[in-house]
Amino acid sequence: MSETGTEVGGVPVAALKRHAELSELVEDARWRYYVLDQPTASDAQFDEWFKELLALEEAHPSLQTPDSPTQKVGPPVSGDFAKVRHLARMESLDNAFDADDMTAWMARAERLAEGDPGPYLCELKIDGLAIALVYRDGRLERGATRGDGRTGDDVTANVRTIKGVPHRLKGEGVPSLVEVRGEVYIPVEDFKKLNEQLVEQGKAPFANPRNSAAGTLRQKDPRITAQRPLRMLVHGIGVWEGATEPRAQSEVYDRLREFGLPVSDLYKVLPGLDEINEFIEHYRVHRHDPAYEIDGVVVKVDDFRTQRELGSTSRAPRWAIAYKYPPEEVNTKLLDIQVGVGRTGRVTPYAVMEPVVVSGSTVERATLHNAAIVIKKGVLIGDTVVLRKAGDVIPEIVGPVVALRDGSEREFVMPTHCPECGTKLAYEKEGDADLRCPNARSCPAQIRERIYFAAGRRALDIDGLGYVAATALTQPLPPQQPVVRTEADLFDLTLEQLLPIKSVVRDQDTGLPKIDPKTGEPKVVSFFSNINGEPSANARLLIEELERAKQVPLAQALVALSIRHVGPPTARDLANEMRSIEAIMNASEEELAAVEGIGPKVAATIKEWFEVDWHREIIERWRAAGVLMEDEPAPEKGPQILEGLTFVVTGTLEGYTRDSASAAIAGQGGKVASSVSKKTSFLVAGENAGSKYDKAVSLGVPILDGAGFEVLLKEGPEAAARVAVPPEA
């Protein structure tokens, strides 16, 4: 071997050192993930290390030895269970991370098969624990974890406790010997309940559902395993003897299902790359629809003969690949837990974290909902926590990485007084989960949040009154006094009042001050004046928009008042029936409850709101400022051709907002619901319809696009049914 000062065997010393460092990191991460069930590195971090390791070995092939982590299926088996040899090697899968990777895999498969090896079976990649079950003469003989692919842990006693795993296969044509492979998992909702139980018992919670499943399956006492909600789905076979062997993966699933084994229905056999990519993209959007966690899609050549022709590398089959979605979970440090106050006075704990990128955006704060949730999640200030984006939108802390605790962590203590006005916090009634600040009239936080809400699209729809402006109006820097002390002041604003205002910028999600990274102090803005002290464009826009907002329909004005339980649908029902704010104020509870969609509980809340003096002052001041607060007399009803029918509106319809489409349906006697059920007459679906479209298809509900919706309104339901999308389309 030739050596120089900068190379060893032709490999740069820096590359050798980095390869050794990465190998150690990957091996340690695998051990903690697979054996200890206490991972300290996130999936994203592990993938990054592994990809870098592969790149180094591609650049310097001599680094790729049999001992390299890239050539191994998994870690050694643990020492707590008997060791068993698999009847056939359990391989891992190579990964694809984008469309180019999929195209490259397909090209290799076509080259090796000397033609198109399709069709292809696409299925969801369950984020669980791989396992192999051996059935001899139809009876469950053994269950073993994957281990290193050749030898695994014997967990038969625990497998026998898993609901849905048969102890004896049923039906005809059962092989004399069959080894099936699958994933053991805990459903997401059951995982949350399990963690809550562990915290209540003073035990450490699991970081995610995969670890909870692995930890449960490796319990030494099967009675503990039996008490936990483990499930399993089968996704392949290793050995099949003594019966006619299926010819394809999809045929195997049909046979295994007949034998009583749990097999997923969420797979498709597809002809080529375009259809595969569509399947991948569909579940990228609907990633959270299944009851269990998924982290990608597995694509397999369906035909077994072609699988054998393609063969395997030292660690993975060439006939299959796992397309992995960008990791939704990352690890970060929980620096603090603070609280914010909402427009109804609810006090919500928020996690303040070291900034981290998850699902494509930087996150540094996440809601913890209430004090009980903090306790249920088992998180301490100072913990390394697992963070995810729920539905790719809302940041959520899953739980703590207990293995990284060093003793410096501390419990969160819920404040006893409002952090913004000092009022003692209280529960509205016994058994409530949320503490509230009862100072609704003058709590700065509640006023800020209500003003911002009142300016929203479904209320007064005021451009120029976003969160920064709402903060500036309600909470300027001392010694200035707020120009908006309650909603009553809103329509009396003038340009002269706006000019001197300077305000602290606050986070829209938490209401907490934003910090300037350069100074370490809260960010301050002068929002309504320019550098010369003249009115800014924002100031002029706000005054113009306030004037326009005086003419909004009654329903929108009602929403702007922040009456509990009165959202857009309820406000519409009230406005359609009562026609003016005066009529609503003077109505009895019984009259309010008689309005369709209201009911006794909401009626009592509305009546109670209007009995408060300062609430009535808002109404009086708004009317004095010229806010209309009444609708024209109700027009005579046209033909009620949609009477007795129920509709759901979803997606983006050309020429309609969601509200105007709903109003058009209601105007012809139809009822608009929020969710699809067997009682739904039609789903009206625009672009980006999402999961409601899929639910309608599964229930056989007729679906109308924009053109079909126009047919419905002009010609009625019978004509619409003729142009509706059939469920199987």
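Look a little higher up for the structure.
Calculation rules
- Residues numbered from 1 in each chain as written.
- Predicted model: local features only at pLDDT ≥ 70, side-chain atom pairs only at ≥ 80, totals over all residues.
- Heavy atoms only, no water.
- Helix = DSSP H or I, 4+ residues; strand = E, 2+ residues; numbered from the N terminus.
- Buried < 20%, exposed > 50% of the residue type's maximum accessible area, 1.4 Å probe, protein only.
- Contact = heavy atoms within 4.5 Å.
- Patch = residues over 30% accessible without salt bridge, like charges linked within 9 Å, V, L, I, M, F, W, Y side chains within 5 Å.
- Areas by Shrake-Rupley, 256 points an atom, 1.4 Å probe, with all protein chains shown as cover.
- Salt bridge = Lys/Arg side-chain N within 4 Å of Asp/Glu carboxyl O.
- Lys, Arg positive; Asp, Glu negative; His and termini not counted.
- Charge placed at Lys NZ, Arg CZ, Asp CG, Glu CD.
- Phe/Tyr/Trp six-rings, centres within 6.5 Å; stacked < 30°, edge-to-face > 60°.
- Lys NZ or Arg CZ within 6 Å of the ring centre and 35° of its normal.
- 1 Å grid on protein atoms, 1.4 Å probe; cavity = no way out; pocket = protein on both sides within 12 Å on 5 of 7 lines; lining within 4 Å.
- Points joined across faces, edges and corners; volume = space filled by probe spheres on them.
- Nonpolar A, V, L, I, M, F, W, Y, C, P; charged D, E, K, R; others polar.
- Axes fitted to C-alpha atoms, helices over the stretch in contact; angles between N-to-C directions.
- Parallel < 35°, antiparallel > 145°, perpendicular 65-115°, else oblique.
- Left-handed = near helix turned anticlockwise from the far one by under 90°.
- Pairing = 2+ DSSP bridges.

(A) Layout of the environment of A445. Residue placement: A445 occurs in helix α12 (residues 444-454). Since its relative accessible area comes to 0%, A445 is described here as buried. Linking A445 and V341, residues 104 residues apart in sequence, is a C-alpha distance of 5.8 Å. If near-sequence neighbours (up to four positions away) are discounted, A445 is found in contact with V341, E420 and Q475.

(B) The arrangement of a negative patch on the surface in detail. Taken together, the side chains of E589, E590, E591, E608 and E611 define an acidic patch exposed on the protein surface. Among the elements that make up the negative patch, the one with the highest residue count is helix α19 (residues 589-593) (3 residues). On the secondary structure map, E590 appears in helix α19.

(C) Inspection of the packing of aromatic side chains at higher detail. Summed over all chains, the structure comprises 12 aromatic pairs. Aromatic side chains Y656 and F709 sit 5.1 Å apart centroid to centroid with 70° between the ring planes, which places their arrangement in the edge-to-face category. Taken as a pair, Y656 in the loop between β21 (646-650) and α22 (658-667) and F709 in helix α24 (residues 706-715) lie far apart in primary sequence, 53 residues in all. Geometry around F453 places R343 over its ring, the cationic atom sitting 3.6 Å from the centre.

(D) Layout of empty space enclosed by the protein. Scanning all chains against the criterion turns up 5 cavities of 30 Å³ or more. Its boundaries defined by the atoms lining it, the largest cavity holds a volume of some 180 Å³. Lining the largest cavity are 16 residues; nearest its centre among them are D43, D127, R287, D295 and E329. Counting only elements with at least two residues in the lining of the largest cavity, the list comes to α2 (43-59), α6 (209-217) and β12 (294-301). Split into classes, the residues belonging to the lining of the largest cavity amount to 4 nonpolar, 1 polar and 11 charged.

(E) Representation of the packing of α12 against helix α13 (residues 467-474) in the model. One way to put it is that α12 packs onto α13 with a least axis distance of 9 Å and a crossing angle of 135°. One element, α12, and the other, α13, form an angle in the oblique class. Between α12 and α13 the crossing geometry is right-handed. From α12, I447, R448, E449, I451 and Y452 reach across to α13, where they touch Y467, A470, T471 and T474.

(F) Examining the sheet that holds strand β7 (residues 139-145) more closely. An order of β7-β6-β9-β10 is seen for the 4 strands of this open sheet, with the pairing classed as antiparallel. Unpaired on one side and paired on the other, β7 and β10 (231-241) mark the two borders of the sheet. Sheet twist, expressed as the average angle between the axes of neighbouring strands with direction ignored, equals 25°. Strand direction decides the pairing type here: strand β6 (residues 129-136) and strand β9 (residues 177-185), joined by 8 bridges, are antiparallel. Paired with Y135 across the strands is V178, a residue of β9. With respect to the sheet, α6 is in contact with β6 and β9, its orientation differing from that of β6 by roughly 40°. Those strands touched by helix α8 (residues 249-258) are β9 and β10, and its axis lies near 110° from that of β10.

(G) Up close: the sheet that holds strand β4 (residues 95-96). Strand order in the open sheet formed by 5 strands is β4-β13-β12-β5-β11, with mixed pairing between adjacent strands. In this open sheet, the two strands that pair with only one neighbour each are β4 and β11 (267-270). With 5 bridges connecting them, β12 and strand β13 (residues 320-324) associate as antiparallel partners. Bridge pairing in β13 links V297 to Y323.

(H) How the structure looks around unusual backbone geometry. Here G118 and P119 are connected by a cis peptide whose omega angle stands at 10°. Position of P119 relative to the elements: it lies in the loop between α3 (99-113) and β5 (120-126). For the bond running from P478 to P479, omega is 10°, close enough to zero to count as cis. When you line up the elements, P479 lands in the loop between α13 and α14 (495-498). Even without glycine at this site, S562 takes up a positive phi of about 60°. Tracing the chain through its elements places S562 in the loop between α16 (554-560) and α17 (568-578). A residue is classified by how much of its surface remains accessible, and S562, at 13% relative accessible area, is buried.

(I) Summary view of the pairing of β5. A large share of β5 lies buried, amounting to 7 of its 7 residues. Inspection of the sheet shows β5 paired to β11 by 4 bridges, in the antiparallel sense. For L121, the partnering residue across the bridge sits in β11 and is V269. Pairing analysis gives 7 bridges linking β5 to β12, with the strands arranged antiparallel. Each bridged residue has a counterpart across the sheet, and for I126 the counterpart in β12 is I294.

(J) Local environment of the packing of α3 against helix α9 (residues 273-285). For the pair α3 and α9, the least separation of the axes is 11 Å and the interaxial angle reads 145°. As α3 packs across α9, the resulting crossing turns out to be right-handed. Each of M102, T103 and M106 in α3 lies in contact with α9, whose residues at this interface are L273, I276, N277 and I280. For the contact of α3 with α9, a count of residues per class yields 5 nonpolar, 2 polar and no charged.

Read these as geometric descriptors, not functional statements.
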